[in-house]
Every structure is written in C-alpha cells, then in structure tokens.
Amino acid sequence: ISLETLGGIKYLKLHLKDGVVDTVTVDMGEPILDGLSIPTTVDKNPVMREPVTVGGKEYEITCVSMGNPHAVLLVEDTKTLPMEEIGPLFENHEMFPEKVNTEFIQVIDRNQVNMRVWERGSGETFACGTGACASVVACSMLGVTDRDVTVHLLGGDLHIVYEEETNHVIMTGPARVVCDGEMEI
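Residues numbered from 1 in each chain as written. Predicted model: local features only at pLDDT ≥ 70, side-chain atom pairs only at ≥ 80, totals over all residues. Heavy atoms only, no water.

Across its full length, the chain carries 2 helices and 12 strands. When the helices and strands of the chain are listed from N to C terminus, the series reads β-β-β-β-β-β-α-β-β-β-α-β-β-β. Taken against the 2.2 N^0.38 rule, which gives 16 Å for 185 residues, the C-alpha radius of gyration of the chain at 17 Å falls within 12% of a compact globule. If one aligns the C-alpha atoms of the chain with their principal axes, the spans along those axes are about 55 × 40 × 40 Å. Counting over 185 residues, the chain shows a buried share of 45%. Partitioning the intrachain contacts of the chain with sequence separation of at least 6 by distance along the chain shows that 56% fall at a separation of at least 24. In the structure as shown, the chain presents an accessible area of about 10,100 Å², 51% of it carried by carbon and sulfur atoms. The chain carries 13 positive and 30 negative side-chain charges, and their two centres are separated by 4 Å. (Helix = DSSP H or I, 4+ residues; strand = E, 2+ residues; numbered from the N terminus. Rg over C-alpha atoms; globule rule 2.2 N^0.38 Å. Buried < 20%, exposed > 50% of the residue type's maximum accessible area, 1.4 Å probe, protein only. Contact = heavy atoms within 4.5 Å. Areas by Shrake-Rupley, 256 points an atom, 1.4 Å probe, with all protein chains shown as cover. Lys, Arg positive; Asp, Glu negative; His and termini not counted. Charge placed at Lys NZ, Arg CZ, Asp CG, Glu CD.)

Quick look at the structure:
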C-alpha cells in the first residue's frame, strides 16, 4: 500500500507480512540545517562540530531540525552516559531558545549506529523518529556514516535513508500493536 504527495514524493508505505502491516515507511521531509531556523543562537548554515560547554565539559554538536530542533553528538559508548545528569543541561542550554532534543550517537560502522535520546519536555525516551533522522543527516554530513543507516535505539531499530537526489529523509520502522481498548465518544 502506498500513498503519495505532491510531485510523486513518497509519503507513506505500509509493508505487509501475512496480510498484516509489519513495517511502515514515511517520508520525513527535508532537514533544516540553518542555525537560526532550527532554531539555535548560532548564525551558521550548517551548524556542524559547534563547540558547546555543558556541565563544565566541552562537546561538539551538529544541529538539525526535522520540524523540531536536534543537537547530535558523537560519543564512544551510549551505554555509560549519565543521561539524567547531562540531558537536562543540553535541553535547557542557552544556545537553544526553544530547548532541544539531544541525540547521543555511537558509530558502529558506516551503516549502523547506537542512539540514546533526551527529548525536550520528556527526558530520556526509548525512541525518537525525528531524532534518528536528524542523527543520520548529521552523521552523513560529518562523514562518519553513509546515508543508509540502521539506528539502534532502546525501543528497537529504525532504518533511515537520507536521499541525496531529493534531500528527503526516509524512515522505516516496525508497526506494532501496543494496546487495545474501547473509548466512548
């Protein structure tokens, strides 16, 4: 099953397995790379390897918006991050006038990364589709991955393709029933 938007650009594709939706592919659109449009206080396009001091330590971040602001940084190991300590410091940093989602990325190889995410207003979450997309855009711009990457998140894997031809980011992930219920309207 496939739907299209203007110009024939992919929007949504349902992948069936035994007659049931197994995975879904969504065109997440074009990334925004201009610092002031993300928004950040940094007047650069793109905002890459930007030094920022958080909790007394200097980090290099790459900023991307997928409709919401993301700061992506490379780390050696996602398992040992003190998320409760540094997550809020990134989220509320003065560089981000509307706060920021922060993705901590451990590169495994050119086509795989581990990701943990601190979402503004929510804290650490199991997954973030826009964050996975922003991370692949950032990692490909930094030259540490290709444009076709599996992102391993605490809640499962997402397959992200940053299309060079269209500049769109395509996300594929599992479709799972998480609850059943009835609601009276």
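Among the residues making up helix α1 (residues 83-91), those that are buried are M83, I86, G87, F90 and E91. Seen end-on, α1 carries its buried residues on one side only, within an arc spanning 140°. Exposed residues pointing more than 90 degrees away from the buried face of α1 are listed as E84 and E85. Turning to α1, the residues buried within the fold contact β4 (47-54), β5 (57-65), β6 (69-74), β7 (101-109), β8 (112-119) and β9 (123-125). (Arc of directions from axis to C-beta.)

Along the polypeptide, L153 turns up in strand β10 (residues 148-153). Linking L153 and N114, residues 39 residues apart in sequence, is a C-alpha distance of 6.2 Å. Not counting residues up to four positions away in its chain, the partners in contact with L153 are M115, F126, A127, C128 and L158.

A few words now on the side chain of T125. Position of T125 relative to the elements: it lies in strand β9. At a separation of 2.7 Å, a polar atom in the side chain of T125 contacts the side chain of E119. Leaving out residues up to four positions away in the same chain, T125 has contacts with V117, E119 and L154. (Polar contact = N/O pair within 3.5 Å; in protein donor to acceptor, adjacent residues only side chain to side chain.)

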